[in-house]
Amino acid sequence: LSVALLLAVSSQESMEYIAQANDDTWSSIVPVVVWSGFAVNAVAPFLQVGGQQAVGPTRCQTIYASQPLWAALLSFIFLGETIGVQGLAGGSVFLLALFLAATAEAPDPDCGESNCEV
C-alpha cells in the first residue's frame, strides 16, 4: 500500500528512481518496506492490543499520555537537543501528576449504591 501511494503521489520521480535502481538499491529498499509492513503495521498493533488488555485502561492512558515526555527525553539523550525551562516545568508537572495517579487509593467497587464509579 505504501509503494502504491508513493507511485500515485509522485509517479514520475518514482518511476525514474525505480528505472535507475540496481541490486544495491533494492537490497536496502526491500528490508525497509518489509519492516514497515510487517513490524510497524502488523506486529506493533497486535502487541499494543494485548498490552492494553493486560494492563487496563487507566494505566494505558497514563502510558500514552507520557509519549511526549519520552520523546523529549530520548531526543535529549540521542540527538543532543536542549530542553528549556518550559519543557522542564511541563515534564515535572507531568511526573507529579503521574505520581499522584499511581499512588491514589483505588475506588471501592462495592460502594453500596446501584451505580458505582469504578
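Residues numbered from 1 in each chain as written. Predicted model: local features only at pLDDT ≥ 70, side-chain atom pairs only at ≥ 80, totals over all residues. Heavy atoms only, no water.

## Some remarks on the overall build of the protein
Defined as follows: Secondary structure is summarised from DSSP: a helix means a run of H or I of at least four residues, a strand means a run of E of at least two, and numbering begins at the N terminus for each. Each residue is assigned to one of three classes by its accessible area relative to the maximum for its type, calculated with a 1.4 Å probe on protein chains only: buried under 20%, partly exposed between the two thresholds, exposed over 50%.
Per the secondary structure count, the protein includes 6 helices and 0 strands. Moving toward the C terminus, one meets the helices and strands of the protein in the order α-α-α-α-α-α. Residue burial in the protein is summarised as follows: out of 118 residues, 8% are buried.

## Looking at the side chain of Ser75
Selection rule: Residue contacts follow a heavy-atom distance rule, with two residues in contact if any of their heavy atoms lie within 4.5 Å.
Within the secondary structure, Ser75 is located in helix H5 (residues 67-79). Setting aside its immediate chain neighbours within four residues, Ser75 contacts Gly80 and Glu81.

## Structural notes on the environment of Glu81
Inspection of the secondary structure assignment puts Glu81 in the loop between H5 and helix H6 (85-103). Those residues in contact with Glu81 that lie beyond four places of it in its chain are Ser75 and Phe76.

## Points about the packing of helix H3 (residues 23-55) against helix H4 (residues 57-65)
To be explicit about the condition: Every angle, taken between N-to-C directions, lies between 0 and 180 degrees, and every axis is a line fitted to C-alpha atoms, over only the stretch in contact when it is a helix. Note on terminology: angles under 35 degrees are roughly parallel, angles over 145 are roughly antiparallel, angles of 65 to 115 are roughly perpendicular, and the others are oblique. Gly counts as polar in this scheme, as do all residues outside two lists: the nonpolar Ala, Val, Leu, Ile, Met, Phe, Trp, Tyr, Cys and Pro, and the charged Asp, Glu, Lys and Arg.
Between H3 and H4, whose axes approach to 7 Å, the crossing angle comes to 130°. It follows that H3 is oblique to H4 by the angle criterion. Of H4, the residues touching H3 (which contributes Gln48, Gly51, Gln52 and Val55) are Arg59, Cys60 and Tyr64. When grouped by side-chain class, the residues that make up the contact of H3 with H4 number 3 nonpolar, 3 polar and 1 charged.

## As for a nonpolar patch on the surface
Here is the rule: Here, patches come from residues exposed beyond 30% relative accessible area and free of salt bridges, joined within 9 Å for like charges and within 5 Å for nonpolar side chains (Val, Leu, Ile, Met, Phe, Trp, Tyr). What sets the accessible areas is the Shrake-Rupley method with a 1.4 Å probe; for residues, cover comes only from the shown protein chains. Salt bridges are defined by distance alone: a side-chain nitrogen of Lys or Arg within 4 Å of a carboxyl oxygen of Asp or Glu.
The grouping of Trp70, Leu73, Leu74, Phe76, Ile77, Phe78, Leu79, Ile83 and Leu88 at the surface amounts to a nonpolar patch, some 960 Å² of accessible area in total. When residues in the nonpolar patch are grouped by element, the largest group, 7 residues, is from H5. Inspection of the secondary structure puts Leu79 in helix H5.

## Examining the side chain of Ser66
For clarity, the threshold we go by: Identification of polar contacts relies on pairs of N or O atoms within 3.5 Å, with a donor-acceptor requirement for protein atoms, meaning one able to donate a hydrogen and the other able to accept it, and with residues adjacent in sequence counted only if both atoms are side-chain atoms.
Along the chain, the position of Ser66 falls in the loop between H4 and H5. Among the polar contacts made by the side chain of Ser66, one reaches the main-chain carbonyl oxygen of Ile63 at a distance of 2.7 Å.

## Some thoughts on the confidence of the model for the protein
Test applied: The pLDDT score gives, residue by residue, the confidence of the prediction method on a 0 to 100 scale.
Summing up the model confidence of the protein, the mean pLDDT is 81 and the portion of residues at 70 or higher is 88%. Ranking the elements of the protein by mean pLDDT puts helix H1 (residues 2-9) last, at 72, and H5 first, at 91.

## Quick word on the environment of Arg59
By the element assignment, Arg59 lies in helix H4. Taking relative accessible area as the criterion, Arg59 reaches 60% and is therefore assigned exposed. For the pair formed by Arg59 and Ala102, sequence separation is 43 residues and the distance between their alpha carbons is 8.7 Å.

## Digging into the environment of Ile63
With respect to the helices and strands, the residue Ile63 is situated in helix H4. Along the chain, Ile63 and Leu98 lie 35 residues apart, while their C-alpha atoms are 9.5 Å from each other.

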